[in-house]
Amino acid sequence: MGNYSLVCRSCGERCEGDAYRCPSCGGILNTEYPFDRRDALCSALRNARQYWDYEPFFPIGRECEKVTMGEGFTPLVPAPGIARAFGIRQMSIKNEGLNPTGTFKDRCMSISISKAKALGASAVVIGSAGNAGAAAAAYAARAGIPCYVMVPTSTPPERVAQIQLYGARVILVRGSVTDCIDLIARVYRERGWHNVTTASAYNPFQADSEKAIAYEMAKASGWEVPDWLFVPIGGGGILSGIYRGYLDLFRLGLVKKLPRMVGTQEEGCCAVVNAFRAGRKPAQIERVENPAGIAVAIADAYPLDGETALQAIYDSGGYSESVSSAEILEAQRLLGRTEGIFAEAASSTTLAAAKKLREKGVVQAGDSVACVVTGSGLKDLQLAARHMPRPAEVEIDPEQLNRAVDGMEAAV
Ligand SMILES: [Zn+2]
């Protein structure tokens, strides 16, 4: 064991060794760090140059062999054109699309697969909407561990192909991503699989990976904190993870305030937004029947880490907002043509919601905003292609080319 403890959320028991669930009562495990070497922790945060430099904040022992390939440490990109368009002081984009498999889930899987390997896993399994599945498949391939991935039948084919390309065994499930995760829960113990699903209820080892997004953002912006931080909610773990990262920084005295956390979802699948609007307690989030929409990466009927996400939203004085498919596509194109960043549909909910909250007056002109683009738009190519006009086509003929260009210039 390293410098961390696994503590049961239900009975409070501290685990002796590593476990996925509480050995006494089966409860969900939280990680705890003593923070006793304050100076060493602060210098680790100040001097970090790559993701694994944050190891003192991860539940992993020094002796553990790392399965890594340059995940994390993604750029925080200024987006002045978006700031102008929305009428706010500052906008920046944390571009997680630049991770090895195209999403922030590589952070989770670098830790989870390292841990599974250290614990001697003969196979891993994951329920996913496609992003965590691809990340698990890629890191399991590097670790030489067989990987089973359950995804909904509605998963776009390019996502399924990516997972298969990394050599994983894919099974399509006739249901939502929540159904995939529930199904795995009924068989994984019997099959001897390590369940690396990115939900604290199954895999406590991935839950700290997203704290590093906060560490990296703070370091990149000279320890300034945005007034508002927009994060898409699928399972919800990334929002609460980033918030816990800022809490660490605050506790260590590296930042002077905390960001207001905004959880964004699509209208057709917005369990957390519904609970926020009704002022319900985090434990009272209700499952959405028949999730619908284009943001497939966050179409979780029931967000397994929704409780901690909604708690972080309340604690930070934040907000939760849903947007329509049309608003998502509009935001996606705006980000592309204004800043040169291609965000997946799920990630574009952040931009669309920022625009909406600015219009509502929740976000004000003097505010600074950051949006986490959790995944690359290259993972949603078919969706983007469906909504683009057919390009002009010409013979190999300068006259035709000039006519086509003149037509384009006239159209602007
Ligand atoms: Zn327990």
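Residues numbered from 1 in each chain as written. Predicted model: local features only at pLDDT ≥ 70, side-chain atom pairs only at ≥ 80, totals over all residues. Heavy atoms only, no water.

An unreviewed UniProt entry lists the chain under the name Threonine synthase, from Anaerotruncus massiliensis. Under the UniProt heading Sequence similarities (unreviewed entry), the entry covering the chain gives this text: "Belongs to the threonine synthase family." (UniProt positions renumbered as here; feature names shortened; annotations may be inferred.)

A.B. asks: Sorry, what's going on with the UniProt feature "modified residue: N6-(pyridoxal phosphate)lysine" (unreviewed entry) in the chain here?
C.D. replies: The feature "modified residue: N6-(pyridoxal phosphate)lysine" (unreviewed entry), as given by UniProt, occupies Lys105 in the numbering adopted here. Take Lys105: it is sitting in helix H3 (residues 105-118). Look at Lys105 and you get buried, because its relative accessible area is 15%. Those residues within four positions of Lys105 in sequence are excluded, and the remaining contacts are Asn131, Ala132, Ala135 and Thr198. (Helix = DSSP H or I, 4+ residues; strand = E, 2+ residues; numbered from the N terminus. Buried < 20%, exposed > 50% of the residue type's maximum accessible area, 1.4 Å probe, protein only. Contact = heavy atoms within 4.5 Å.)

A.B. asks: How should the sheet that holds strand E10 (residues 260-266) be read in this particular structure?
C.D. replies: Within a sheet, adjacent strands bond to each other through the backbone by hydrogen bonds, running parallel or antiparallel. Strand order across the open sheet formed by six strands is E3-E4-E12-E9-E10-E11, with mixed pairing between neighbours. Bordering the open sheet on either side are strand E3 (76-78) and strand E11 (319-323), each of which pairs with just one other strand. When strand polarity is set aside, the average angle formed by the axes of neighbouring strands in this sheet is 25°. Both strand E9 (residues 228-232) and E10 contribute to a ladder of five bridges, which runs parallel. Across the sheet, Val231 pairs through a bridge with Gly263, a residue of E10. (Pairing = 2+ DSSP bridges. Axes fitted to C-alpha atoms, helices over the stretch in contact; angles between N-to-C directions.)

A.B. asks: Can you walk me through the coordination of the zinc ion in this structure?
C.D. replies: Ideal values differ by geometry: the angle at a metal is 109.5 degrees with four tetrahedral donors, but 90 or 180 degrees with six octahedral donors. The coordination sphere of the zinc ion, as far as protein atoms go, consists of Cys8 (SG), Cys11 (SG), Cys22 (SG) and Cys25 (SG), spread over 2.3 to 2.4 Å. Site description for the zinc ion: donor spacing in sequence, C-x2-C-x10-C-x2-C. Taken together, the residues Cys11 in the loop between strand E1 (5-8) and strand E2 (29-32) and Cys22 in the loop between E1 and E2 connect sequence positions 11 residues apart. Residue classification places Cys11 among the partly exposed residues on the basis of a relative accessible area of 42%. A relative accessible area of 4% means that Cys22 is categorised as buried. (Donors = N, O, S within 2.8 Å, 3.2 Å for Na, K, Ca; no water.)

A.B. asks: Could you clarify how one ought to interpret the packing of aromatic side chains in this entry?
C.D. replies: In this description, an aromatic ring pair is defined by two values, namely the gap between the centres and the angle between the planes. Inspection of the entire model under this criterion finds 12 aromatic pairs. Centroid distance Tyr188 to Tyr202: 6.4 Å. Interplanar angle 90°. Geometry classified as edge-to-face. Of this pair, Tyr188 sits in helix H6 (residues 177-191) while Tyr202 sits in the loop between strand E8 (194-195) and helix H7 (211-220), and the two are 14 residues apart along the sequence. Per residue, the accessibility class of Tyr188 equals that of Tyr202, and both read buried. Chaining the aromatic ring pairs together yields one cluster made of Phe35, Tyr54, Phe57, Phe73 and Tyr215. Sitting over the ring of Phe35, Arg251 keeps its end group 4.0 Å from the ring centre. (Phe/Tyr/Trp six-rings, centres within 6.5 Å; stacked < 30°, edge-to-face > 60°. Lys NZ or Arg CZ within 6 Å of the ring centre and 35° of its normal.)

A.B. asks: Is there a simple way to think about the layout of surface pockets in this case?
C.D. replies: Where empty space is left can be seen by rolling a probe of water-molecule size over the atoms. Quantified by volume, the largest pocket comes out at close to 400 Å³. Lining the largest pocket are 23 residues, with Arg9, Asn30, Ser240, Arg244 and Thr308 positioned closest to its centre. Counting residues per element, the ones that place at least two in the lining of the largest pocket are E2, helix H8 (237-251) and helix H10 (306-315). Looking at the lining of the largest pocket, the element that brings in the most residues is H8, giving six residues. (1 Å grid on protein atoms, 1.4 Å probe; cavity = no way out; pocket = protein on both sides within 12 Å on 5 of 7 lines; lining within 4 Å. Points joined across faces, edges and corners; volume = space filled by probe spheres on them.)

A.B. asks: Explanation requested: H10 in the structure shown.
C.D. replies: Residues of H10 that are buried include every one of Gly306, Ala309, Leu310, Ala312 and Ile313, and no others. Buried residues of H10, seen end-on, are gathered within an arc of 155° and therefore sit on one face of the element. In this fold, the buried residues of H10 make contact with H8, E10, helix H9 (271-277) and E11. Gly317 occupies a position one or two residues after H10 and carries a positive phi of about 65°. (Arc of directions from axis to C-beta.)

A.B. asks: Can you help me understand the pairing of E2 in this one?
C.D. replies: Along any regular strand the residues' side chains alternate between the sheet's two faces. Side chains Leu29 and Thr31 of E2 all project onto a buried face; the interleaved residues Asn30 and Glu32 project onto a face where none is buried. Examined bridge by bridge, E1 and E2 share four bridges and lie antiparallel to one another. In the sheet register, Val7 faces E2, and the bridge partner there is Asn30.

A.B. asks: Would you explain the sheet that holds strand E5 (residues 124-127) in this entry?
C.D. replies: Here four strands make up an open sheet; going across it, the order is E7-E6-E5-E8 and the pairing parallel. Strand pairing shows two members of the sheet lacking a second neighbour, strand E7 (169-173) and E8, which therefore form its edges. Pairing analysis gives four bridges linking E5 to strand E6 (residues 147-152), with the strands arranged parallel. Across the sheet, Val125 pairs through a bridge with Tyr148, a residue of E6. Lying over the sheet, helix H5 (residues 157-165) contacts E6 and E7, oriented at roughly 150° with respect to E7.

A.B. asks: Is there a simple way to explain the environment of Asn47 in this structure?
C.D. replies: Inspection of the secondary structure puts Asn47 in helix H1 (residues 38-47). Taking C-alpha positions, Asn47 is 9.0 Å from Lys219, a pair spaced 172 residues apart along the chain.

A.B. asks: Mind showing me how you'd approach the nonpolar core here?
C.D. replies: Counting residues in each nonpolar core, the largest one holds 81 residues, and the members touching the most others are Met109, Ile113, Val124, Leu229 and Ile242. Top element by residues in this core is helix H4 (residues 131-143). It accounts for nine residues. Here Val124 is in contact with Ile113, Ala116, Ala140, Ile145, Pro146, Cys147, Tyr148, His194 and Val196, once residues within four sequence places are set aside. Listed in part, the 33 residues of the second largest apolar core include Ile328, Leu334, Ala354 and Val363. (Core = buried A, V, L, I, M, F, W, Y, C linked by side-chain atoms within 4.5 Å.)

A.B. asks: Mind showing me how you'd approach the pattern of salt bridges here?
C.D. replies: Opposite charge on two side chains permits them to pair, given that their charged atoms come into close proximity. In this structure the tally under the stated criterion is 22 salt bridges. Where Asp248 meets Lys211, a salt bridge forms, and the shortest distance between an N and an O atom there is 3.6 Å. Of the two residues, Asp248 sits in helix H8 while Lys211 sits in helix H7, which places them 37 residues apart along the sequence. Through salt bridges with shared partners, a single ionic network connects Lys94, Glu96, Arg107 and Glu216. (Salt bridge = Lys/Arg side-chain N within 4 Å of Asp/Glu carboxyl O.)

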